[in-house]
Amino acid sequence: MNDKEFKDAVYRKYNAYLQDHNTCDFLKQSPRKKASSVLTTILLTLLLLILAAGAALAAAHYAGVWKEPVPYNYEEEKVVTEEKIEQSLGEDQIRKIAKETLAHLTGAAEEITGCTLGNDPTTDSTFWEITTAGENYLRLDGESGKLLHFSVADMSRSFKETDRPTAEQAAQKIYTTLWKGKGHTLTTLSPQGDGQWTADFCRVYSGIANPYQCVRLWFAPSKEEVLLVSVFDDPFENNPYVINQEQAISIAAQSYGAQNIKEITAEKAIEKMNALLYQKEHDGLYRTEQIVRNVWKVQITDQKTDFKEWYFVDATTGELIGGDALK
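All values derive from a computational prediction rather than experimental measurement.

Participant: Explain helix H7 (residues 245–256) to me, please; I cannot follow it from the model alone.
Facilitator: Side chains three or four residues apart in an α-helix point the same way, a direct result of the helix having 3.6 residues per turn. Here H7 is 12 residues long and its end C-alpha atoms lie 17 Å apart, about the 16 Å a rise of 1.5 Å per residue gives. Along H7, 9 of the 12 residues are buried, which leaves the element largely enclosed by surrounding structure. All buried positions along H7 are accounted for by Gln-245, Gln-247, Ala-248, Ile-249, Ser-250, Ile-251, Ala-252, Ala-253 and Tyr-256. The distance from a side-chain oxygen at the start of H7 to the backbone nitrogen of Glu-246 is 3.2 Å, and the residue carrying that oxygen is Asn-244.

Here you go:
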C-alpha cells in the first residue's frame with residue numbers, strides 16, 4: 001500500500017465514523033463505549049497528523065500572529081512609574097473628563113472626592129479610579145480617558161419586578177440614550193433578581209458576537225436606572241477563516257494529547273490572545289499582546305478529571321493563541 005492508498009483508507013474510516021456519529025467532533029466518546037483497539041488509536045493519531053498537516057498547508061501563506069509572552073511581577077508592576085505617569089492623562093484633564101462622563105451616565109453633576117492613577121500588570125496599561133461624593137465609582141483608561149467601568153454606590157437595592165419585554169425595552173432605551181450610533185446589538189438579556197437585569201450590547205460579525213467590543217449594562221428596568229456599566233472596545237482584526245473545524249480540533253487535540261481527551265468540540269468565536277496555555281508549561285505569570293481574532297474555540301473535557309479547558313485556535317494561521325479553563 002502506497003502513501004496515497006494509506007491516506008485514502010484513513011479518510012474512509014474517518015468518514016464512516018462521521019456518518020455513524022453524525023458529528024464532526026470526532027474524539028467524542030460515549031462513557032459506555034471506549035476505544036480499546038491499538039489499531040484504532042494508531043489510526044486516530046495518524047488522522048490527527050494528516051489534518052494538522054492540512055491545516056499547516058492551508059495557513060502557510062499567512063504570517064503568524066502569536067507573540068511570545070513575557071514574564072511579569074504583579075506586585076512590582078502595579079506600582080505606577082514616572083514613565084507611566086508621563087504616558088497618561090494628567091489629573092486635571094481626567095477630572096474634567098470624569099465630570100462629563102458622570103453627567104452623561106447619571107444626568108447629574110457630582111463632586112469628585114478621589115482620583116488615583118493605577119497600573120494593570122496583566123495588560124501593562126494605566127487607569128484612573130474616580131470616586132464621588134455620592135460614592136459612585138468610575139474607572140477610565142489612563143491614556144485616552146475612555147470609560148471602562150461605572151458603578152453606583154448601592155447595588156443591593158430592590159426594585160419592582162418586570163417582565164422580559166419591559167426589561168428589553170428599558171435596555172434598548174438606555175443603550176440608545178447613552179451610546180447611540182455605536183453599532184452594537186443586544187445579544188444577551190438576563191434577570192438578576194430584586195428587579196435588576198443585565199444586558200450585553202455587542203458588535204456582531206458574521207453572526208458572532210464580539211465580547212471585546214461590547215457594552216455591558218446592569219440596570220433596573222422599572223426605573224430605567226443604570227447600576228453598573230462595563231465597556232470593552234478593543235481593536236478587532238476580523239481575520240478570515242482558513243482553518244476548518246476538523247483541522248482546529250486536530251491541532252488542539254495534538255497539543256493536549258488525544259489519549260487524555262474524553263470529549264472535544266469546536267465552535268467559531270472571537271477571542272483575545274492570552275498566555276494561559278503558555279503558563280501551563282512555564283512557571284510564573286506571563287502576558288502577551290492584546291490581539292482580538294477570529295478563532296475556533298475548542299472545548300476539551302479531560303478523560304480522567306472531567307475538567308473542561310478551551311483552546312483558541314487562530315482561524316487563519318492555525319496557531320494556538322490562548323485558552324481558558326473551568327475546573
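Following the structure, the description resumes.
Participant: Any chance you could explain the pattern of salt bridges here in plain terms?
Facilitator: Should the charged atoms of two oppositely charged side chains come close, the side chains can pair. As enumerated under the stated definition, the model contains 17 salt bridges in all. Between Asp-233 and Lys-146 there is a salt bridge whose closest N-O contact spans 3.9 Å. Of this pair, Asp-233 sits in strand S9 (residues 225–233) while Lys-146 sits in the loop between strand S4 (137–141) and strand S5 (147–151), and the two are 87 residues apart along the sequence.

Participant: Even after reading the chapter, I still don't get the environment of Tyr-256, so can you show me in this structure?
Facilitator: Inspection of the secondary structure puts Tyr-256 in helix H7. On the basis of relative accessibility, which here comes to 13%, the residue Tyr-256 falls in the buried class. The spatial distance from the C-alpha of Tyr-256 to the C-alpha of Ile-300 is 8.5 Å, given a sequence separation of 44 residues. In this view, Tyr-256 contacts Ile-261, Lys-280, Ile-300, Asp-302, Glu-309 and Tyr-311; residues no more than four positions away in its chain are not counted. A polar atom in the side chain of Tyr-256 sits 2.6 Å from the side chain of Asp-302.

Participant: I would appreciate a short explanation of the state of the cysteines in the present structure.
Facilitator: Disulfide: a covalent bond connecting the sulfur atoms of a pair of cysteines. Counting across every chain of the model gives 1 disulfide. In this model Cys-202 forms its disulfide with Cys-214; the gap between the sulfur atoms is 2.3 Å. Disulfide Cys-202-Cys-214: the torsion about the S-S bond is -50 degrees, which places it as left-handed. Linking Cys-202 in strand S7 (residues 196–205) with Cys-214 in strand S8 (residues 208–220), this pair joins segments that are 12 residues apart in sequence. The same class applies to Cys-202 as to Cys-214, namely buried.

Participant: Honestly, the packing of aromatic side chains in this entry has me stumped. Any pointers?
Facilitator: For any pair of aromatic rings, geometry is given as the distance between the ring centres together with the angle between the planes. This model, assessed by the stated rule, comprises 6 aromatic pairs. On the numbers, 6.0 Å between centres and 70 degrees between planes, the contact of Tyr-256 with Tyr-311 is edge-to-face. Here Tyr-256 is found in helix H7, whereas its partner Tyr-311 is found in strand S13 (residues 308–314), with 55 residues between them in sequence. An aromatic cluster is defined as three or more aromatic residues linked by ring pairs; in this entry it consists of Tyr-175, Trp-179 and Phe-201. Here the basic side chain of Arg-139 rests over the ring of Phe-127, its NZ or CZ set 3.8 Å away from the ring centre.

Participant: It is not clear to me how the side chain of Thr-162 should be interpreted in this structure. Could you clarify?
Facilitator: By the secondary structure assignment, Thr-162 is in the loop between S5 and helix H6 (164–179). With residues up to four places along the chain from it excluded, the contact list for Thr-162 reads Ala-167, Trp-197, Pro-221 and Ser-222.

Procedures and definitions
Residues numbered from 1 in each chain as written. Predicted model: local features only at pLDDT ≥ 70, side-chain atom pairs only at ≥ 80, totals over all residues. Heavy atoms only, no water. Helix = DSSP H or I, 4+ residues; strand = E, 2+ residues; numbered from the N terminus. Expected span 1.5 Å × (residues − 1). Buried < 20%, exposed > 50% of the residue type's maximum accessible area, 1.4 Å probe, protein only. Polar contact = N/O pair within 3.5 Å; in protein donor to acceptor, adjacent residues only side chain to side chain. Salt bridge = Lys/Arg side-chain N within 4 Å of Asp/Glu carboxyl O. Contact = heavy atoms within 4.5 Å. Disulfide = S-S within 2.5 Å. Phe/Tyr/Trp six-rings, centres within 6.5 Å; stacked < 30°, edge-to-face > 60°. Lys NZ or Arg CZ within 6 Å of the ring centre and 35° of its normal.

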